[in-house]
Amino acid sequence: MAHNRTLGLYCDQTISVVYVVGSDLLINSNRCAPPGTDFFSVKCTPNVQYIISPPPQETSHLSPLPLSGDSMIIVRMSHASDTENESKLSVRYYGSDKKVLGTARLYLTALEISLDVDADRDGVVERNNPNKGSWKWGPNGHGAVLLVNCDCERTYWKTPDSEKTYISKVSDLKDMSLMVLRTRGPAKLPNDYKLTLHISQSDAESVRVFRSKLTGKQNVTSYSFTSFLNDYPLVLSREVLSQEVPYLGGDAEINFYVEGLRFTDKDFNGLISVNLSVLEPISERVPETPIFTDKVVFRVAPWIMTPNTLDPLEVFVCSTADNYQFLKGMKNFVGKSGHKLKICYEYMNRGDRWMQDELEFGYIDSPHQRFPVVLDSPRDGKLQDFPYKELLGPDFGYVTREPDRENISSLDSFGNLEVSPPVTVNGKNYPFGRILIGVAFPTATKGRNMTKVVQDFLWAQKVQDPIALFSDWLYVGHVDEFMTFVPAPDRKGFRLLLASPDAAFKLFRRLQSNGHGEAKLFEDLTDEESITVDEILNDDSFHVQNMYVQSCINWNRDVLKRELGLEEEDIIDLPILFKLVVGTKHQDAYRALAYYPDMVNMIVLGKHLGIPKPFGPKVDGHCALEAEMCSLMEGLGLKCTFIDDFASYHKLLGEVHCGSNVRRGMFDFKWWNLEM
């Protein structure tokens, strides 16, 4: 990073300045020349080097040089001074007869100063990386990474660490980015010189900086930890934009810990600068002047969602007064797949069973630390306290976006927020996949949309470029009602599953042609009226309703093929039928609900699929819908388990996926290596 400083000299005066190694002092030799000056000469002590620009014509090194209006002396020093004012430079001026007219003298105290961060993202804070003052994406990029310190070191009386203006536990330091001030020079600075750390007013909304406590002049690695509040004083914050920092003398380091306060969003591009300046005194009651500034740049790590193809770690479900059958099925399924089931009991869920709708799991990552972060939806049902009270904790972060409550709709629940597996589209790589959200059709005048503050947040993260799908045609309005992804051993490593009335009618017509037209749906449900395959196929109104649903899904199919780079071979159609209803919230429009349990609304745990039990027509004692589902999935090496959610979820307008959530592992790929 180049640093130049223009310096004025004064004839027959001596001035003392601090010089920072690596910078250039630019002295206009003509500016302080006495009247009648035609020549000048320069002398200096061994630690000072200089060049004349433009270079003079050939002349003896002992002879004075002709003075011109643009003669510039460029001064450099190679290493720090041991004592104050130990290096010197003088400029002597001569008349036409080589008579001395005057001399300007400069005393120099050289310092080595470097504000350092992990600019090459290898987990080590290297000395004076030339790229530390800017940020560039890609495997050959540079610039430091900053985490939003959104976890909580406490397990009770919780507050995200980013909301505290102090460090109460040393474990909190690992969530912050290390920044090191390295200095080398004399035992003390010349009188009234200062080192000052500072940030801009706009950046102060997004960052805080703490410093290790200094004990005498010892190196920071030997600091004591007697009181965390005193050992890590707050240096920079919203209230303090600039603060003097100690100069320790000799060869010294001071550790600073930089804490992110907020995620990238519509009004914040994620870039933060921290500056270290050397201030030079002028005179009493006159503000100091910055003579050197070193800058480092951080980018706040994005929040990253995890797709179905990543390894599951924990499965979350609610226990309610009426979902014993569902819970029993989930325990069996999760146990069989070898994963951990976590149950949210009624004291916390207060009867709210929609675990998927309340939250979305993701994570943040840096070269020095990574941890899961839950995104709390704005729906704020009776489960609203669960993400904060039960999930927020040490190395488990929390983030939310609070919109105007009047603008909240069903589309703000996170069954309406999904993410694809990694894809490549038209040569552009999306190694974290792409976020999928459901909105109203572009031409709709009264449609529902996901609230703007959540959409802005998702788009601002950059690394999972969102795709808007049309989901407002559904009564509940969630994308997980008509699509999901499952792992596959070939092609792109996954398949997109889409609900398909066409596939359902095709299956039912095959059953009818094979003599099973009298087979009944819902036959094993005591509280549900059964219906035959023939009755479904003969209902023209029902068929028209599903033609409309299929057209809505086809629109999304085309968007997904285009935006995810998919071919027809990457898509599997699942036999699912819908019905149109008018509800109290939507008197002006018909919207669709799954007619029988919506098998696409499943939970994916590796090669194990937990699928809503459809209660379809039986052939030879076996559900034809289950058999079709198994036939489609088992070709991919996937195992189907059907879970009875009819009474406790399906009839309440949700399914297995709506009633569960999965925390998954993180990507090996590092987001900062993306080519943007």
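Fair warning: this is a prediction, and the values are worked out from it, not measured in the lab. (Residues numbered from 1 in each chain as written. Predicted model: local features only at pLDDT ≥ 70, side-chain atom pairs only at ≥ 80, totals over all residues. Heavy atoms only, no water.)

**Here we look at the overall build of the protein**
And then number 1: Each helix and strand counted, the protein has 10 helices and 42 strands in total.
And then number 2: Computed over the C-alpha atoms, the radius of gyration of the protein is 34 Å, more than 25% above the 26 Å expected from 2.2 N^0.38 for a compact globule of 676 residues.
And then number 3: Projected onto the principal axes, the alpha-carbon positions of the protein cover approximately 120 × 55 × 45 Å.
And then number 4: Here the protein, with 676 residues, has 57% of them falling under the buried criterion.
And then number 5: Counting contacts in the protein only where the partners sit at least 6 residues apart, residues at least 24 apart contribute 74% of the total.
And then number 6: Carbon and sulfur atoms provide 48% of the accessible area of the protein, an area that totals close to 28,700 Å².
And then number 7: Separation between the mean location of the 72 positive side-chain charges and that of the 90 negative ones in the protein comes to 5 Å. (Helix = DSSP H or I, 4+ residues; strand = E, 2+ residues; numbered from the N terminus. Rg over C-alpha atoms; globule rule 2.2 N^0.38 Å. Buried < 20%, exposed > 50% of the residue type's maximum accessible area, 1.4 Å probe, protein only. Contact = heavy atoms within 4.5 Å. Areas by Shrake-Rupley, 256 points an atom, 1.4 Å probe, with all protein chains shown as cover. Lys, Arg positive; Asp, Glu negative; His and termini not counted. Charge placed at Lys NZ, Arg CZ, Asp CG, Glu CD.)

**Things to note about the pattern of salt bridges**
And then number 1: This model, assessed by the stated rule, comprises 41 salt bridges.
And then number 2: The partner of arginine 353 in a salt bridge is aspartate 322, with the nearest N and O atoms 2.9 Å apart. Of this pair, arginine 353 sits in the loop between helix 3 (346-349) and helix 4 (355-358) while aspartate 322 is found in the loop between strand 20 (312-318) and helix 2 (324-337), placing the two residues 31 residues apart along the sequence.
And then number 3: Its relative accessible area of 45% is what places aspartate 322 among the partly exposed residues.
And then number 4: Note that arginine 557 and glutamate 568 form a salt bridge whose closest N and O atoms lie 2.8 Å from each other. One end of the pair, arginine 557, is in helix 9 (residues 540-564); the other, glutamate 568, is in the loop between helix 9 and strand 34 (571-575), and 11 residues separate them in sequence.
And then number 5: On the basis of relative accessibility, which here comes to 9%, the residue arginine 557 falls in the buried class.
And then number 6: Overall, glutamate 568 belongs to the partly exposed group, its relative accessible area being 38%.
And then number 7: Three or more residues are tied together by salt bridges with common partners; here these are Asp116, Lys132, Arg182, Glu253 and Asp294. (Salt bridge = Lys/Arg side-chain N within 4 Å of Asp/Glu carboxyl O.)

**Topic: the UniProt feature "active site" (unreviewed entry) in the protein**
And then number 1: In this structure's numbering, the residues bearing the UniProt feature "active site" (unreviewed entry) are Asp357, His478, Asp480 and Cys658. Separation in sequence by 302 residues is not matched in space for these annotated residues, since their most distant C-alpha atoms are only 10.4 Å apart.
And then number 2: In this structure, histidine 478 sits in the loop between strand 29 (467-470) and strand 30 (483-487).
And then number 3: Take histidine 478: its relative accessible area is 2%, and that puts it in the buried class.
And then number 4: What histidine 478 contacts, discounting residues up to four positions off in sequence, is Asp357, Ser410, Leu411, Ser413, Gly415, Asn416 and Ser471. (UniProt positions renumbered as here; feature names shortened; annotations may be inferred.)

**Regarding unusual backbone geometry**
And then number 1: The linkage connecting serine 53 with the following residue, proline 54, adopts the cis geometry, with an omega of -5°.
And then number 2: Relative to the elements of secondary structure, proline 54 occurs in the loop between strand 5 (48-53) and strand 6 (65-66).
And then number 3: Even without glycine at this site, arginine 350 takes up a positive phi of about 50°.
And then number 4: As for its position among the elements, arginine 350 is in the loop between helix 3 and helix 4.
And then number 5: At phenylalanine 615, a residue that is not glycine, the phi angle is positive and equals roughly 55°.
And then number 6: Secondary-structure assignment places phenylalanine 615 in the loop between strand 38 (608-612) and strand 39 (618-619).

**As for the domain arrangement of the protein**
And then number 1: You can read the domains of the protein as domain 1 (3-111), domain 2 (118-300) and domain 3 (304-673).
And then number 2: For domain 1 versus domain 2, the separation of C-alpha centres amounts to 36 Å.
And then number 3: Across the contact, 14 residues belong to domain 1 and 16 residues belong to domain 2.
And then number 4: Of all residues in domain 1, His3, Val18 and Leu111 give up the largest surface area on contact with domain 2, accounting jointly for 41% of the area buried on that side.
And then number 5: In this structure, the salt-bridge partner of glutamate 280 is arginine 5, at a minimum N-O distance of 2.8 Å.
And then number 6: When contributions to the side of domain 1 that touches domain 2 are tallied by element, the ones reaching two or more residues are strand 2 (14-20) and strand 9 (100-116). (Domains from an automatic or database assignment. Buried area = accessible area lost by both parts, 1.4 Å probe.)

**Quick word on the environment of valine 207**
And then number 1: Within the secondary structure layout, valine 207 lies in strand 13 (residues 207-211).
And then number 2: When its relative accessible area of 0% is taken as the criterion, valine 207 is described as buried.
And then number 3: Separated by 91 residues in the primary sequence, valine 207 and phenylalanine 298 place their C-alpha atoms 10.0 Å from one another.

**A short note on the nonpolar core**
And then number 1: Ranked by internal contacts, the top residues of the largest apolar core, which has 98 residues, are Leu106, Met179, Leu197, Leu458 and Trp671.
And then number 2: If you tally residues by element for this core, the top one is strand 9, at 7 residues.
And then number 3: Listed in part, the 70 residues of the second largest apolar core include Tyr430, Leu564, Leu636 and Phe642. (Core = buried A, V, L, I, M, F, W, Y, C linked by side-chain atoms within 4.5 Å.)

**Observations concerning the pairing of strand 16 (residues 250-260)**
And then number 1: Across the 11 residues that make up strand 16, a large majority, 8, are buried.
And then number 2: In this sheet, strand 16 lies alongside strand 11 (residues 177-185) in antiparallel orientation, the contact comprising 9 bridges. Residue pairing across strands places methionine 179 opposite phenylalanine 256, the latter belonging to strand 16.
And then number 3: The pairing of strand 13 with strand 16 spans 5 bridges and is classified as antiparallel. Residue pairing in the sheet places phenylalanine 210 in a bridge with tyrosine 257 of strand 16. (Pairing = 2+ DSSP bridges.)

**Topic: the pairing of strand 3 (residues 24-28)**
Regular strands have side chains that alternate between both faces of the sheet.
And then number 1: For strand 3, a buried count of 5 out of 5 residues is recorded, marking the element as mostly surrounded by other parts of the structure.
And then number 2: Here strand 3 shows two buried faces, one formed by Asp24, Leu26 and Asn28 and the other by Leu25 and Ile27.
And then number 3: The sheet contact formed by strand 1 (residues 4-6) and strand 3 spans 3 bridges and is parallel. Looking at the pairing, asparagine 4 lines up with aspartate 24 of strand 3.
And then number 4: Note that strand 3 and strand 7 (residues 72-77) share 4 bridges and pair antiparallel. The partner of leucine 26 across the bridge, within strand 7, is isoleucine 74.

**Thoughts on the side chain of threonine 103**
And then number 1: Structurally, threonine 103 can be placed in strand 9.
And then number 2: Of the polar contacts made by the side chain of threonine 103, one reaches the side chain of arginine 92; its length is 3.3 Å.
And then number 3: When sequence neighbours within four positions are dropped, the list of residues in contact with threonine 103 reads Tyr10, Cys11, Asp12, Gln13, Ser90, Val91 and Arg92. (Polar contact = N/O pair within 3.5 Å; in protein donor to acceptor, adjacent residues only side chain to side chain.)

**A look at the sheet that holds strand 19 (residues 304-305)**
And then number 1: Sheet architecture is open: 4 strands sit in the order 19-22-23-24, paired in mixed fashion. Two strands close off the open sheet at either side, each with one partner strand: strand 19 and strand 24 (397-400).

**A look at the sheet that holds strand 12 (residues 194-198)**
And then number 1: Ordered by their spatial adjacency, 5 strands build an open sheet running 10-18-17-12-15, and the pairing between neighbours is mixed. Either end of the sheet is taken by a strand with one partner, and the two such strands are strand 10 (144-146) and strand 15 (242-245). Averaged over all pairs of adjacent strands, the angle between strand axes in this sheet comes to 35°, irrespective of strand direction.
And then number 2: Where strand 12 and strand 17 (residues 271-280) come together, 5 bridges link them in antiparallel fashion. Among the inter-strand pairings, leucine 195 is bridged to a residue of strand 17, identified as valine 278. (Axes fitted to C-alpha atoms, helices over the stretch in contact; angles between N-to-C directions.)

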